[in-house]
Amino acid sequence: MMLLWSKRKNRKPDKAKVNLPADPEHAAPKKQLSEDLLTNEQTLRELFRNCSDVVFREVLLAADHRLLIIYIDGLVDTKALDQFVLEPVIRDSLREDRQPEQLREVIENQLIAVAAVRKLTCLHEAVQDILKGHAVILFNNESLGLSAELKGGDVRSVEEPSSEPVVKGPREGFTEALRTNTSMIRRKLKTHRLKMESLTVGELSQTNIVISYIEGTVKDTIVQEVRSRIGRIKIDAVLESGYIEEFIEDAPHSPFPTVQSTERPDIVAANLVEGKVAIFTDGTPFVLIVPFTFWAGLQSAEDYYNRSLYSSAVRIIRGVLLTTSVFLPSLYVAIVNFHSLMLPTSLVLNFSAAQENTPFPTVVEAFMMEMIFEGLREAGVRLPKQVGSAVSIVGALVIGQAAVQAGIVSAPVVIIVAGTGIASFTIPRYTLGYALRLLRFVMLILAGTLGLYGIALGTLTLLLHLVSLRSYGVPYFSPVAPLMPESLNDVLWRAPRWKMTNLPKQTTPDRLERIPEGQEPKPTR
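The structure presented is a predicted model; accordingly, all values stated were derived computationally and were not measured. (Residues numbered from 1 in each chain as written. Predicted model: local features only at pLDDT ≥ 70, side-chain atom pairs only at ≥ 80, totals over all residues. Heavy atoms only, no water.)

Can you help me understand the overall build of the protein chain in this one?
In terms of helices and strands, the protein chain carries 16 helices and twelve strands. The buried share of the protein chain, taken over its 525 residues, is 44%. In the protein chain, the proportion of contacts linking residues at least 24 apart, taken out of those at least 6 apart, comes to 65%. As displayed, the protein chain has an accessible area near 28500 Å², and 58% of this comes from carbon and sulfur atoms. (Helix = DSSP H or I, 4+ residues; strand = E, 2+ residues; numbered from the N terminus. Buried < 20%, exposed > 50% of the residue type's maximum accessible area, 1.4 Å probe, protein only. Contact = heavy atoms within 4.5 Å. Areas by Shrake-Rupley, 256 points an atom, 1.4 Å probe, with all protein chains shown as cover.)

See below:
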């Protein structure tokens, strides 16, 4: 069998892989624009054949001169095109003293009332600008064209982010428009040191990516690593930032995320100030942030808008609930099955009485209820908002009550699983919650087979894994492991703002000062 498996593994594929990007038949020709407008038009019509949304608008001018405007309906603001391009050009064409050879320069410099206009020299540039939502203008007897940025179409307005709501804090969230998202950061950080580097990823989608960081605050090695990892991506299309995340994360086989994802501008701005790098992707409201540490997954934006004492208490409770969400079902199974002497006698008798009517072992009951709970949660997310929450709540109550009355599971297991589910909802970062949900099942298996020894073994393995992870060179468990005492004022304990005088050591090049010392409030009495 091993020999057969080895032969299958080494067998060459029947068909050679075809690289989609290298498709010369469908690629735009990188040749210069012709002086003959008809030639350019025929080439573009051939490239955009069967594309009913691509509009070719020909405008006849004086002295048999003409120009051609090409744009994609739905991507271009047609009202602006009529008002700022077509109307001035047609009105000017009535002048008889206009020299045809000056037409392009006059249109470029005097007639088109558009801020962003650039010259085109080759067909490839023209095709790319048309696909980006620009209006391309080509002239007769002229080998140069013009590209006017007149992006339009319907886009979603700025709304409160649904995945990260807060009681106290900004109500704005990112949208699917890239420049709208970057402008939100510009409004919050008004400094020339905020850099926005543009890249294009995806041979078919040509998705715009923006790498953002604050020069002088972030380590150059982190920025260079981000550029390098994104530059290595070869993919046909990028439709969401998750596509990029899978290519640039540090530990693709680990359940723990090493890249943060958020749709809140205030979180992105705060992380940029602390020396991290943000990655914007066109077409999605989710922005990636690197490096990402385990403790950042426990921090909510609201922690920094409330008083430090309350925020610290909430963080500690959140840490306890995180531990509960991972270990509570497995601890119950291990203690009831293997170490019942650890419990008071009355409690053991109650658990035994509840267990008498059920035919399954405790670990099987816990697995069944966990699977049902995860199913209800997924159904609540996928169903329409109006019925999703009702179905999940009613389903949990009805199934839990019915399962106990039917003698399929015991009441303590239902209570344990319900408490675990509530605890898991308190984790601010949704991607970290995924990892903990997976770990809960692993711990259940270990507890059902080895008892508390299995949980101890799993916990030790988990800690070894966490301390070995890195995110862009930053230890995943820092500043706890390795211990950095000067950075511990923003882990479980959130120090007052006037006490957080330095930026994090892990991401900034030097020990940068955030605020001067000695600003503790001392009002006179």
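How should I be thinking about the sheet that holds strand S2 (residues 66-72) in this particular structure?
Strand pairs in the sheet, formed through backbone hydrogen bonds, run parallel or antiparallel to each other. An order of S1-S2-S4-S5-S3 is seen for the five strands of this open sheet, with the pairing classed as antiparallel. The two strands at the open ends of the sheet, each matched to only one other strand, are strand S1 (54-60) and strand S3 (117-120). With direction set aside, neighbouring strand axes in the sheet form an average angle of 20 degrees. Direction of pairing for S1 relative to S2: antiparallel, over a ladder of seven bridges. Bridging across to S2, Val-59 finds its partner in Leu-67. In the packing of helix H2 (residues 37-47) onto the sheet, contacts are made with S1, S2 and strand S4 (135-139), and the angle to S2 comes to roughly 15 degrees. (Pairing = 2+ DSSP bridges. Axes fitted to C-alpha atoms, helices over the stretch in contact; angles between N-to-C directions.)

In this structure, what is going on with the sheet that holds strand S10 (residues 287-290)? I would like to understand it.
Spatial ordering of the open sheet is given by S6-S7-S9-S10-S8, a layout of five strands whose pairing is antiparallel. Across the chains shown, the open sheet's two edge strands, defined by having one partner strand only, are strand S6 (194-201) and strand S8 (260-262). In this sheet, neighbouring strand axes are inclined to one another by 25 degrees on average, regardless of whether the strands run parallel or antiparallel. Judged from the three bridges that link them, S8 and S10 form a sheet pairing that is antiparallel. In the strand pairing of S10, Gln-260 is matched with Ile-289.

Got a minute to help me understand the nonpolar core in this structure?
Nonpolar side chains in soluble globular proteins tend to be buried together. If you look at the biggest cluster of nonpolar residues, it comprises 26 residues, and the most contacted ones within it are Phe-256, Phe-294, Leu-432, Leu-436, Leu-466 and Tyr-476. Within the residue set of this core, elements represented by two or more residues are helix H10 (308-338), helix H15 (430-450) and helix H16 (452-468). Those residues within four positions of Phe-294 in sequence are excluded, and the remaining contacts are Phe-256, Leu-322, Leu-432, Leu-466, Tyr-476 and Phe-477. (Core = buried A, V, L, I, M, F, W, Y, C linked by side-chain atoms within 4.5 Å.)

Would you mind going over unusual backbone geometry with me for this structure?
Most peptide bonds adopt trans geometry, and most residues besides glycine take a negative phi value. Residue Val-290 is joined to Pro-291 through a cis peptide bond whose omega torsion reads -10 degrees. Relative to the assigned elements, Pro-291 resides in the loop between S10 and H10. Residue Ser-478 is joined to Pro-479 through a cis peptide bond whose omega torsion reads 10 degrees. Counting through the fold element by element, Pro-479 comes out in the segment after strand S12 (474-475). Even without being a glycine, Gln-206 presents a positive backbone phi close to 50 degrees. Within the secondary structure, Gln-206 is located in the loop between S6 and strand S7 (207-214).

Would you mind going over the packing of H10 against H16 with me for this structure?
Packed helices, taken two at a time, are described by the angle their axes make and the gap between the axes. Taken N-terminus to C-terminus, the directions of H10 and H16 make an angle of 150 degrees; their axes are 9 Å apart at the nearest point. Between H10 and H16, the crossing angle belongs to the class labelled roughly antiparallel. Side by side, H10 and H16 meet where Phe-327, Ser-330, Leu-331 and Ala-334 of the first sit next to Leu-452, Ile-455 and Thr-459 of the second. For the contact of H10 with H16, the residue count by class is five nonpolar, two polar and no charged. (Parallel < 35°, antiparallel > 145°, perpendicular 65-115°, else oblique. Nonpolar A, V, L, I, M, F, W, Y, C, P; charged D, E, K, R; others polar.)

So what exactly am I meant to see when it comes to a positive patch on the surface here?
On the surface, Lys-132, Lys-151, Arg-179 and Arg-186 cluster together to form a positively charged patch. Tracing the backbone through its elements, the reader meets Lys-132 in the loop between helix H5 (123-131) and S4. (Patch = residues over 30% accessible without salt bridge, like charges linked within 9 Å, V, L, I, M, F, W, Y side chains within 5 Å. Salt bridge = Lys/Arg side-chain N within 4 Å of Asp/Glu carboxyl O. Lys, Arg positive; Asp, Glu negative; His and termini not counted. Charge placed at Lys NZ, Arg CZ, Asp CG, Glu CD.)

Got a minute to help me understand the packing of aromatic side chains in this structure?
Within a pair of aromatic rings, the relevant descriptors are the distance that separates the centres and the angle that separates the planes. Scanning all chains against the criterion turns up eleven aromatic pairs. Where Phe-294 meets Phe-477, the ring centres are 5.3 Å apart and the plane angle is 45 degrees; that geometry is what we call tilted. Of this pair, Phe-294 sits in the loop between S10 and H10 while Phe-477 is found in the segment after S12, placing the two residues 183 residues apart along the sequence. One exposure class covers both Phe-294 and Phe-477, and it is buried. (Phe/Tyr/Trp six-rings, centres within 6.5 Å; stacked < 30°, edge-to-face > 60°.)

I keep staring at the pairing of S10 and nothing clicks. Help me out?
Looking along a regular strand, one sees side chains alternate from face to face of the sheet. Along S10, one buried face is formed by Val-287 and Ile-289 and the opposite face, lined by Leu-288 and Val-290, is buried too. In this sheet, S10 lies alongside strand S9 (residues 277-281) in antiparallel orientation, the contact comprising three bridges. Of the residues in S10, the one forming a bridge with Ala-278 is Ile-289. Here S9 hands over to S10 after five residues, with Gly-283 in that stretch at a positive phi of 95 degrees.

Explain the pattern of salt bridges to me, please; I cannot follow it from the model alone.
It is possible for side chains of opposite charge to pair when their charged atoms get near one another. Taken as a whole and judged by the stated rule, the model has 24 salt bridges. As a salt-bridge pair, Arg-45 and Glu-41 come within 2.9 Å of each other at their nearest N and O atoms. Linking Arg-45 with Glu-41, this pair stays in helix H2, spanning four residues, or about one helical turn. Salt bridges here are not isolated pairs; linked through shared partners, they connect Glu-370, Glu-374, Arg-377, Glu-378, Arg-437 and Arg-440.

Can you help me understand H5 in this one?
A turn of α-helix holds 3.6 residues, and therefore any two residues three or four places apart point the same way. Along H5, the residues that are buried comprise Leu-123, Ala-126, Val-127, Gln-128, Asp-129 and Ile-130. Elements in contact with the buried residues of H5: H2, S2, S3, S4 and strand S5 (145-148). Just beyond H5, the residue with positive phi is Gly-133, at close to 100 degrees.

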